[in-house]
Amino acid sequence: RGENMPPLKKVQKEDILKATLEILKKEDIESLNARRIAKELNCSVQPIYHNFENMEELKKAAFLGMHGIYQRYMKKASEKEKAYKEMGVAYIKFAKDYPKYFKAIFMNKTNFTPESLIDNDNTGNSIIKKGMELTGFSYEEQKKFHVKVWIFTHGIATLLATNTVKMSDKEIDELLETTVRAMLVGTKKG
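Here's a quick rundown of the structure.

Procedures and definitions
- Here the residue numbers are simple positions, counted from 1 along each chain's written sequence.
- Local features in this predicted model are restricted to residues of pLDDT 70 or higher, and side-chain atom pairs are both shown and tallied only at a pLDDT of 80 or more, whereas totals for entire chains, interfaces and linings draw on every residue.
- Neither water nor hydrogens contribute to the side-chain values; these are computed over all heavy atoms in the structure.
- Geometry is summarised by axes, namely lines fitted to C-alpha atoms with helices restricted to the contacting stretch, and by angles between N-to-C directions that run from 0 to 180 degrees.
- Numbered from the N terminus, helices here are DSSP runs of H or I no shorter than four residues, and strands are runs of E no shorter than two.
- Throughout, a residue-residue contact means that at least one pair of heavy atoms, one from each residue, lies within 4.5 Å.
- Throughout this description, the term nonpolar core refers to a set of buried Ala, Val, Leu, Ile, Met, Phe, Trp, Tyr and Cys residues connected via side-chain atoms within 4.5 Å.
- Three exposure classes are used, based on accessible area relative to the maximum for each residue type with a 1.4 Å probe and protein chains only: buried under 20%, partly exposed in between, and exposed over 50%.
- For this classification, under 35 degrees means roughly parallel, over 145 means roughly antiparallel, 65 to 115 means roughly perpendicular, and everything else is oblique.
- Only Asp, Glu, Lys and Arg are considered charged, only Ala, Val, Leu, Ile, Met, Phe, Trp, Tyr, Cys and Pro nonpolar, and every remaining residue, Gly among them, polar.
- In protein, a polar contact means a hydrogen-donor-capable atom and an acceptor-capable atom, both N or O and within 3.5 Å, with residues adjacent in sequence counting only if both atoms are side-chain atoms; elsewhere, any N or O pair within 3.5 Å suffices.
- Here, expected helix span is obtained from the residue count minus one, scaled by 1.5 Å.
- Directions from the helix axis toward the C-beta atoms define the arc.

## What about the packing of helix α5 (residues 83-97) against helix α6 (residues 99-106)?
In step 1: Across the interface, α5 lies against α6 with an axial gap of 5 Å and an inter-helix angle of 120°. Between α5, through Tyr91, Phe94, Ala95, Lys96 and Asp97, and α6, the contact on the second element is made entirely by Pro99, Tyr101, Phe102, Ile105 and Phe106.

This is how it looks when you write it as structure tokens:
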């Protein structure tokens, strides 16, 4: 390399992951490839394969990155006054703010039942405990109740993530508040 040439830019693992997450805000994880990421970083594919064994490893890291953002939404909501409701609102807000991330995490084919999907989501336990504070249910009762609440909440989140409907934050807040209250009254009567 000549004396006047700029030094080669060293592309770090964090740079690759950050670029990948930027791409995934707009594109589906299935369509992700090394050339697309290299183009985003303005480099060759070589640094990608130097830092990650293969695309599968990079996709796993990206998935963990997306999930980390989701967990931050949920943690922040869990510290609010009406934590159970706020965590539902946060779930929907995450779907609204990051529709592609939401689809990658919550709208892919699994063999989970609703119960096992909640069990598999490590924020699920925290949500159930916050729900118990609201309802006074035992852990098992709350888990059964939460499956119904989650199916309802996931429906709203999916409608927003796919741009099927538009709803304001206020509408979401009111819908969750009134519907979950009605579900609770119905469950306690039953």
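## Notes on the nonpolar core
One broad rule of soluble globular proteins: the nonpolar side chains tend to lie buried together.
In step 1: Judged by nonpolar contacts, the single largest core of 51 residues is most densely connected at Ile16, Ile37, Met66, Tyr91, Phe94, Tyr101 and Phe102.
In step 2: Residue assignment for this core shows that the elements contributing at least two residues are α1 (13-24), α2 (34-41), α4 (55-78), α5, α6, α9 (139-161) and α10 (169-189).
In step 3: Among the elements that line this core, the one with the most residues is α4, at ten residues.
In step 4: Each residue touching Ile37, except ones within four places of it in the same chain, is listed here: Ile16, Thr20, Ile23, Leu32, Ile48, Met55 and Leu58.

## Remarks on unusual backbone geometry
In step 1: Even without being glycine, Asn42 reaches a positive phi, approximately 60°.
In step 2: Structurally, the position occupied by Asn42 is in the loop between α2 and α3 (46-51).
In step 3: Given the relative accessible area of 73%, Asn42 is considered exposed.
In step 4: Its identity as a non-glycine residue notwithstanding, Asn163 has a phi of 60°, on the positive side.

## Regarding the packing of α1 against α2
A pair of packed helices can be characterised by two numbers: the angle between their axes and the separation between those axes.
In step 1: The interhelical angle for the contact between α1 and α2, taken along N-to-C directions, is 105°, at an axis separation of 9 Å. If you check the angle between α1 and α2, you find them roughly perpendicular. Contact residues: Asp15, Ile16, Ala19, Thr20, Glu22 and Ile23 in α1; Arg36, Ile37, Glu40 and Leu41 in α2.
In step 2: Considered class by class, the residues forming the contact of α1 with α2 number five nonpolar, one polar and four charged.

## Comments concerning the side chain of Thr135
In step 1: Structurally, the position occupied by Thr135 is in helix α8 (residues 124-135).
In step 2: The buried category is assigned to Thr135, whose relative accessible area is 5%.
In step 3: One polar contact links the side chain of Thr135 to the main-chain amide nitrogen of Phe137, over a distance of 3.1 Å.
In step 4: Those residues in contact with Thr135 that lie beyond four places of it in its chain are Gln142, Phe145, Leu184 and Lys188.

## A few points about α10
In step 1: Its 21 residues place the ends of α10 30 Å apart at the C-alpha level, agreeing with the 30 Å of an ideal helix rising 1.5 Å per residue.
In step 2: When we look at burial in α10, the residues that qualify are Ile172, Leu176, Glu177, Val180 and Leu184. Buried residues of α10 fall within an arc of 125° about the axis and therefore sit on the same side. Those residues of α10 that are exposed and aimed more than 90 degrees away from the buried face are Lys170 and Lys189.
In step 3: Of the surrounding elements, those touching the buried residues of α10 are α5, α8 and α9.

## Structural notes on the environment of Tyr73
In step 1: For Tyr73, the location among the structural elements is in helix α4.
In step 2: Those residues in contact with Tyr73 that sit more than four places away from it in its chain are Ala90, Lys93, Phe94, Asp97 and Tyr98.

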